[in-house]
Amino acid sequence: MTSSLALRDIPIPDYCDVVIVPTGGVEETDPRIWAAAIFSHENTPLSTRGLRAVRDEAIRLFDMVPPPEKDFVADEVVGAEALIIDDDDKLQVRIGVALLPGGDLLQVTTAVKYRSVRGRLAFAPRRLLHAAAVNTLARRAPTTLRRRALAGDPRAASLTGQVSRRALGRGPAADR
């Protein structure tokens, strides 16, 4: 893929990264479902969830309100790519989640434009680990989709029955 919806609104970003990971054999073709799986709370590593809980409790000690959990929802889908828009007064952020032709690779493109010096300062610590964090989340997404399919989660309704059949020992892997 030569371009991304993330670069449509921000053609010259201040920060940009592209992460490409295998889909792990999950035959999901809807980029909206992939985007939801990548950025879902259940897909977040336990260590990150623990750090957020400690941060929230520390904030409560000072009678401050912790920030609410963000739900990243695809704002637009064009072809095989979903676009997430997450703007605030300091940053303009676009995240494109696309299935590459063939459906075996997933591409996550992030483009960030600083709206102020405060935006540059706010994004500076995230900039160091952003690509690694997105890589981790994207690599965990196939497992999240398989788990949802096994649990009968409606968010994974378009997954094929292959996961359930294999888990029950009725798929091609059971014939060996």
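Definitions and limits used
Residues numbered from 1 in each chain as written. Predicted model: local features only at pLDDT ≥ 70, side-chain atom pairs only at ≥ 80, totals over all residues. Heavy atoms only, no water. Helix = DSSP H or I, 4+ residues; strand = E, 2+ residues; numbered from the N terminus. Buried < 20%, exposed > 50% of the residue type's maximum accessible area, 1.4 Å probe, protein only. Lys, Arg positive; Asp, Glu negative; His and termini not counted. Salt bridge = Lys/Arg side-chain N within 4 Å of Asp/Glu carboxyl O. Polar contact = N/O pair within 3.5 Å; in protein donor to acceptor, adjacent residues only side chain to side chain. Contact = heavy atoms within 4.5 Å. Phe/Tyr/Trp six-rings, centres within 6.5 Å; stacked < 30°, edge-to-face > 60°. Patch = residues over 30% accessible without salt bridge, like charges linked within 9 Å, V, L, I, M, F, W, Y side chains within 5 Å. Areas by Shrake-Rupley, 256 points an atom, 1.4 Å probe, with all protein chains shown as cover.

A. Expanded view of the side chain of Asp17. Here Asp17 is to be found in strand 1 (residues 15-22). No salt bridge is formed by the buried Asp17, whose closest oppositely charged neighbour, Arg127, lies at an N-O distance of 8.8 Å. A distance of 2.4 Å separates a polar atom in the side chain of Asp17 from a polar atom in the side chain of Tyr15. The contact partners of Asp17, leaving out residues within four places of it in the chain, are Val108, Thr109, Thr110, His130 and Ala131.

B. Expanded view of the packing of aromatic side chains. Scanning all chains against the criterion turns up 2 aromatic pairs. Members of the aromatic cluster, connected to one another through ring pairs, are Tyr15, Tyr114 and Phe123.

C. Inspection of a nonpolar patch on the surface at higher detail. Together, Val18, Ile20 and Leu105 line one region of the surface with nonpolar side chains, adding up to about 250 Å² of accessible area. As for its placement among the helices and strands, Ile20 is situated in strand 1.

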